[in-house]
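# Observations on chain architecture
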Amino acid sequence: MEVDRRAFIASLGGVAAVNLMSHEAKAEALEHYMEEKLDEMVAAQQPEKFPTVAEIEAQIETRPYRRGAGSVFTSNKGNVKIIEKMPDKPTLHDFFRLRFAPANHVLQSATRAMKTGMSEEIVLACLLHDCVLSLIKPDHGWWGAQLFEPYIPEKSAFAIRYHQTLRFYADDDAGYEYPDQYYRIFGHDYQPPQYIADTYKMLKNHKWYMEPRLVTVNDLYAFDPNAKVSIDPFEDIIGRHFKQPKEGLGYDNSPSAHMWRTLARPDNPL
Ligand SMILES: [Fe+2]
Ligand SMILES: [Fe+2]
């Protein structure tokens, strides 16, 4: 076991205090310190205790907002802040910078998809799969697909819509396990509702099953939190597959234009 010398000396009251100690006292202190550290390491390896569905439900009335509100509309640290205005003809990049930011999770998922040689449709789907969480969280697969559908390939929209369902079902062959994150946020005894179970049944026999499945495979939370990611490596894929409207997102009369406008002006009272 490695000893952090500085932490060890500090735990004894600093260098001056250590200098006053006898050789035996120092040896004993070190042994004691290492025992404590070992206990800490063992404790850290205990399996995490996940909440139950009932415990999660009991938290509802402890918050001033609902868990399903999009991240642009709430703050879990005091009041919300003034949000920067969108340009007149906003692009996907503008939304990434001003409304989806920091977007680490989707950028890291897309980076992984690119590294593992996924098709461009899947890399794009990974890049966009959770962006709608800025707007709304429940059923984010369906909302996300609807937001992007007018602008992206059909396969990418299909992958975004159904990744939400497949996240609840392990697939050993594809290398996808049920995520600990879901035990944490839904409760360890959670059962997905019937419409999710029915959607899964439909997907299992669908010729495009692997499209949303590959989003789930690349949809990980265990990335290095310090990894530096940016949208730059995806420029070409966005250029080839994302139909940026010349009027700007929100002003092209597409079926999801209003969703972009709501994201652009989250402080509008109506
Ligand atoms: Fe998701
Ligand atoms: Fe995700």
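The following paragraphs examine the structure supplied in this document. Because the structure is a prediction, the values reported are computed rather than measured.

## As for the overall build of the chain
Assigned secondary structure in the chain consists of 14 helices and zero strands. Along its sequence from the N terminus, the chain presents helices and strands in the succession α-α-α-α-α-α-α-α-α-α-α-α-α-α. Projected onto its principal axes, the C-alpha coordinates of the chain cover approximately 80 × 45 × 45 Å. As displayed, the chain has an accessible area near 16,600 Å², and 53% of this comes from carbon and sulfur atoms. One way to put it: in the chain the 31 positive side-chain charges average out to a point 7 Å from where the 38 negative ones average out.

## A few points about the packing of helix 6 (residues 104-115) against helix 7 (residues 120-128)
Two elements in contact, helix 6 and helix 7, have axes whose closest approach is 7 Å; the angle formed by their N-to-C orientations is 165°. Considering their axes alone, helix 6 and helix 7 lie roughly antiparallel with respect to each other. The interaxial crossing formed by helix 6 with helix 7 has right-handed handedness. Mapping the contact onto sequence places V106, L107, S109, A110, A113 and M114 in helix 6 and V123, C126 and L127 in helix 7.

## Description of the coordination of the iron ion (ligand 2)
Around the iron ion (ligand 2), the donor atoms from the protein are H105 (NE2), H129 (NE2), D130 (OD), D219 (OD) and D219 (OD), and they sit 2.1 to 2.8 Å away. Positions of the donor residues of the iron ion (ligand 2), expressed as sequence spacing, correspond to H-x23-H-D-x88-D. Between the two metals, the iron ion (ligand 2) and the iron ion (ligand 1), the spacing is 3.6 Å, and D130 donates to both. Pair noted here: H105 is in helix 6 and D219 is in the loop between helix 12 (210-218) and helix 13 (235-241), with a separation of 114 residues, a long-range link. When its relative accessible area of 1% is taken as the criterion, D219 is described as buried.

## Observations concerning the packing of helix 9 (residues 154-166) against helix 11 (residues 194-204)
Interaxial distance between helix 9 and helix 11 falls to 9 Å at its minimum, and their mutual angle equals 120°. In terms of their interaxial angle, helix 9 and helix 11 are classed as oblique. In this structure, helix 9 meets helix 11 at a crossing whose hand is left-handed. Contacts between helix 9 and helix 11 involve F158, Y162, Q164, T165 and L166 from the former and Y195, I196, T199, Y200, M202 and L203 from the latter. The residue makeup of the contact of helix 9 with helix 11, split by class, is eight nonpolar, three polar and no charged.

## Digging into the side chain of S256
Structurally, S256 can be placed in the loop between helix 13 and helix 14 (257-264). Setting aside chain neighbours within four positions, we find S256 in contact with Q146, L147, P150 and Y151.

## Structural notes on helix 14
For helix 14, the complete set of buried residues consists of A257, M259, W260, L263 and A264. One side of helix 14 holds all its buried residues, which, seen down the axis, span an arc of 165°. As for helix 14, its buried residues are in contact with helix 5 (92-100) and helix 8 (140-148).

## Topic: a negative patch on the surface
Taken together, the side chains of D172, D173, E177 and D180 define an acidic patch exposed on the protein surface. Of note, E177 is situated in the loop between helix 9 and helix 10 (180-186).

## A closer look at the packing of aromatic side chains
According to the stated counting rule, one finds 20 aromatic pairs in the structure shown. A centroid spacing of 4.8 Å and a plane angle of 70° characterise the contact between F95 and W260, whose relative ring orientation is edge-to-face. In this pair, F95 sits in helix 5 while W260 sits in helix 14, placing the two residues 165 residues apart along the sequence. Of the aromatic side chains, those joined through ring pairs into one cluster are F50, F168, Y178, Y182, Y183, F186 and Y190.

## Some points on unusual backbone geometry
Put simply, A101 and P102 share a cis peptide bond, and its omega is 5°. Positionally, P102 belongs in the loop between helix 5 and helix 6. Phi is positive for A103, close to 60°, though the residue is something other than glycine. Note on placement: A103 falls in the loop between helix 5 and helix 6. By relative accessible area, which is 11% here, A103 ends up buried.

Rules of the game
- Residues numbered from 1 in each chain as written.
- Chains lettered and ligands numbered in written order.
- Predicted model: local features only at pLDDT ≥ 70, side-chain atom pairs only at ≥ 80, totals over all residues.
- Heavy atoms only, no water.
- Helix = DSSP H or I, 4+ residues; strand = E, 2+ residues; numbered from the N terminus.
- Areas by Shrake-Rupley, 256 points an atom, 1.4 Å probe, with all protein chains shown as cover.
- Lys, Arg positive; Asp, Glu negative; His and termini not counted.
- Charge placed at Lys NZ, Arg CZ, Asp CG, Glu CD.
- Axes fitted to C-alpha atoms, helices over the stretch in contact; angles between N-to-C directions.
- Parallel < 35°, antiparallel > 145°, perpendicular 65-115°, else oblique.
- Left-handed = near helix turned anticlockwise from the far one by under 90°.
- Contact = heavy atoms within 4.5 Å.
- Donors = N, O, S within 2.8 Å, 3.2 Å for Na, K, Ca; no water.
- Buried < 20%, exposed > 50% of the residue type's maximum accessible area, 1.4 Å probe, protein only.
- Nonpolar A, V, L, I, M, F, W, Y, C, P; charged D, E, K, R; others polar.
- Arc of directions from axis to C-beta.
- Patch = residues over 30% accessible without salt bridge, like charges linked within 9 Å, V, L, I, M, F, W, Y side chains within 5 Å.
- Salt bridge = Lys/Arg side-chain N within 4 Å of Asp/Glu carboxyl O.
- Phe/Tyr/Trp six-rings, centres within 6.5 Å; stacked < 30°, edge-to-face > 60°.

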